Amino acid sequence: MWMTVGERRFAITLANTEAAQAFAAMMPLTIDMADLNSNEKHAELPRALPTNASRPGTIRNGDLMLYGSKTLVVFYLTFDSSYSYTRLGRVDDPSGLAQALGRRDVRIVFSRN
């Protein structure tokens, strides 16, 4: 799967979860994502996904998660968190991800190819 931000394209490996399969079924998806806490982008999905939330402890740069059942989150910094998320996948090589996303709202295109 792919995530495109402006001219930058990042490969994503989806988790082997029901939520990730449901997310993939939404492709292609263009979504405007707002910045939060200068470490993540988030946006509400068109419909709820199945959840299996857990506390990851450490969030990693490049994690693609689901908060609740409808909020898509792309993390671009590594930090500790006490929040619970359902894992959707991960950017294979997150180098340059923080620069591509910036600290502003951004439009992201998710696609299968």
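Labelled according to an unreviewed UniProt entry, the protein chain appears under the name Cyclophilin-like domain-containing protein, originating from Achromobacter mucicolens.

Draft legend 1. Fine view of the pairing of strand 1 (residues 2–5). Residue alternation in strand 1 divides its side chains into a buried set, Met-3 and Val-5, and an unburied set, Trp-2 and Thr-4. Both strand 1 and strand 2 (residues 8–14) contribute to a ladder of four bridges, which runs antiparallel. Its bridge partner lying in strand 2, Val-5 is registered against Arg-8. Once strand 1 ends, the chain turns through two residues before running back antiparallel as strand 2, passing Gly-6 with a positive phi of about 60 degrees. Relative to strand 10 (residues 106–111), strand 1 is paired through four bridges, and the arrangement is antiparallel. Paired with Val-5 across the two strands is Ile-108, which belongs to strand 10.

Draft legend 2. Focus on the UniProt feature "domain: Cyclophilin-like" (unreviewed entry) in the protein chain. As recorded in UniProt, the sites labelled "domain: Cyclophilin-like" (unreviewed entry) are residues 3–108. Along residues 3–108 the backbone is 11% helical and 43% strand, and the end-to-end C-alpha distance reaches 7 Å.

Draft legend 3. Summary view of the pattern of salt bridges. The full count for this structure, using the stated rule, is five salt bridges. Ionic pairing is found between Asp-63 and Arg-87, a salt bridge with its closest N-O pair at 3.4 Å. A residue pair is termed long-range when its members are at least 10 positions apart, and Asp-63 in strand 6 (residues 63–67) and Arg-87 in strand 9 (residues 86–91) qualify at 24 residues. Accessibility expressed as a relative area gives 2% for Asp-63, which makes it buried. The network of salt bridges with shared partners includes Asp-63, Arg-87 and Arg-90.

Draft legend 4. A look at the pairing of strand 3 (residues 29–36). Where strand 3 meets strand 10, five bridges bridge the pair, whose relative direction is antiparallel. Its bridge partner being in strand 10, Thr-30 is matched across the sheet by Val-109. Two strands pair when backbone bridges link them, and strand 3 and strand 4 (residues 40–44) are joined in this way by three bridges, in the antiparallel orientation. Bridge pairing links Ala-34 to His-42 in strand 4.

Draft legend 5. Broad picture of the side chain of Thr-86. Counting through the fold element by element, Thr-86 comes out in strand 9. Here Thr-86 falls in the buried class, since its relative accessible area comes to 3%. Only 3.0 Å separates the side chain of Thr-86 from the backbone nitrogen of Asn-52, close enough to count as a polar contact.

Criteria and thresholds
Residues numbered from 1 in each chain as written. Predicted model: local features only at pLDDT ≥ 70, side-chain atom pairs only at ≥ 80, totals over all residues. Heavy atoms only, no water. Buried < 20%, exposed > 50% of the residue type's maximum accessible area, 1.4 Å probe, protein only. Helix = DSSP H or I, 4+ residues; strand = E, 2+ residues; numbered from the N terminus. Pairing = 2+ DSSP bridges. UniProt positions renumbered as here; feature names shortened; annotations may be inferred. Salt bridge = Lys/Arg side-chain N within 4 Å of Asp/Glu carboxyl O. Polar contact = N/O pair within 3.5 Å; in protein donor to acceptor, adjacent residues only side chain to side chain.

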